[in-house]
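Given next are the chains, with one letter for each unit.
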Amino acid sequence: MKKKKIGVLISGGGSNLQALIEACAAADYPAEISVVISNKESAYGLNRAREHHIPAHIINHKDYETREAFDDAMHTLLMHHQVDIVCLAGFMRLLSPAFVKRWQDRMLNIHPSLLPAFKGAHAHEDVLASGVRFSGCTVHFVRPEMDSGPVIVQAVVPVLPQDTLETLAARVLEQEHRIYPLALRWLAEGRLSVSGNKVMVKSAKAADGALINPL
Ligand code: GRF
């Protein structure tokens, strides 16, 4: 099995990047990370990549006059590393429609809410303010509108009465680290098909030919 090459885009701490690095370390995982790109020099995730000898680059959006020029620079680097699949992991920039189209159904994002509820950069604050009893996280294919696109997998967590931003975020993050590697595995194994806004996950075959339920 030829492993798919992954490019991970980050802006911050990179704990999801870390979860993907750890998943990729397994011999039977169908993907490997070829390059990590951050738009912020201070992103701690860059250190995580370097520790694992993964090429880590900074492309500062402030060095580019337009969103398209910034996206083109990222695209060139992704091509240079022969990337098959892009994973957004805490990447805090909106991408141009042209870039999104180039990576149509080959680019994933993780968001810390049960989409389509609570889009945007303040999901946990909004969840706590709304009084909902459950939150969670979503891995989805990327479309040009922020935090939209066909949902691949979600995990649900309770929202507890005593929750703070920190406790809720930590509970959700634990699930993010489970479902991101899972969704990437399915995509890398060619088991996802997209029809409109719906994603079908095909079962895998075990060595004895039995079907393994995807969940
Ligand atoms: C995560 O909550 C992710 O869902 C959101 O940004 C956060 C990034 O965290 N998109 P990390 O950088 O992966 O630790």
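The structure we're discussing is the one just above.
Residues numbered from 1 in each chain as written. Predicted model: local features only at pLDDT ≥ 70, side-chain atom pairs only at ≥ 80, totals over all residues. Heavy atoms only, no water.

**Quick word on the site of the ligand**
Here is step 1 of the chain: In the neighbourhood of the ligand, the contacting residues comprise Gly13, Gly14, Ser15, Asn16, Gly90, Ile110, His111, Pro112, Leu173 and Glu176.
Here is step 2 of the chain: Interatomic distance of 2.7 Å between a backbone N/O atom of Gly14 and an oxygen atom of the ligand.
Here is step 3 of the chain: Alone, the ligand offers 360 Å² of accessible surface; in the complex the protein occludes 80% of this.
Here is step 4 of the chain: Of all elements in the fold, only α1 (15-24), β5 (107-111) and α6 (165-188) reach the threshold of two or more residues within the shell around the ligand.
Here is step 5 of the chain: By residue class, the composition of the shell around the ligand is 3 nonpolar, 6 polar and 1 charged. (Near = heavy atom within 4 Å. Polar contact = N/O pair within 3.5 Å; in protein donor to acceptor, adjacent residues only side chain to side chain. Areas by Shrake-Rupley, 256 points an atom, 1.4 Å probe, with all protein chains shown as cover. Helix = DSSP H or I, 4+ residues; strand = E, 2+ residues; numbered from the N terminus. Nonpolar A, V, L, I, M, F, W, Y, C, P; charged D, E, K, R; others polar.)

**Observations regarding unusual backbone geometry**
Here is step 1 of the chain: Residues Leu115 and Pro116 are joined by a peptide bond in cis, for which omega reads 10°.
Here is step 2 of the chain: Structurally, Pro116 is set in the loop between β5 and α5 (123-130).
Here is step 3 of the chain: At Gln82, a position not held by glycine, the phi torsion is positive, near 55°.
Here is step 4 of the chain: Relative to the helices and strands, Gln82 is located in the loop between α3 (67-80) and β4 (85-88).
Here is step 5 of the chain: Taking the relative accessible area as the measure of exposure, Gln82 reaches 55% and is therefore exposed.
Here is step 6 of the chain: The backbone phi angle of Asp147 is positive, close to 55°, even though this residue is not glycine. (Buried < 20%, exposed > 50% of the residue type's maximum accessible area, 1.4 Å probe, protein only.)

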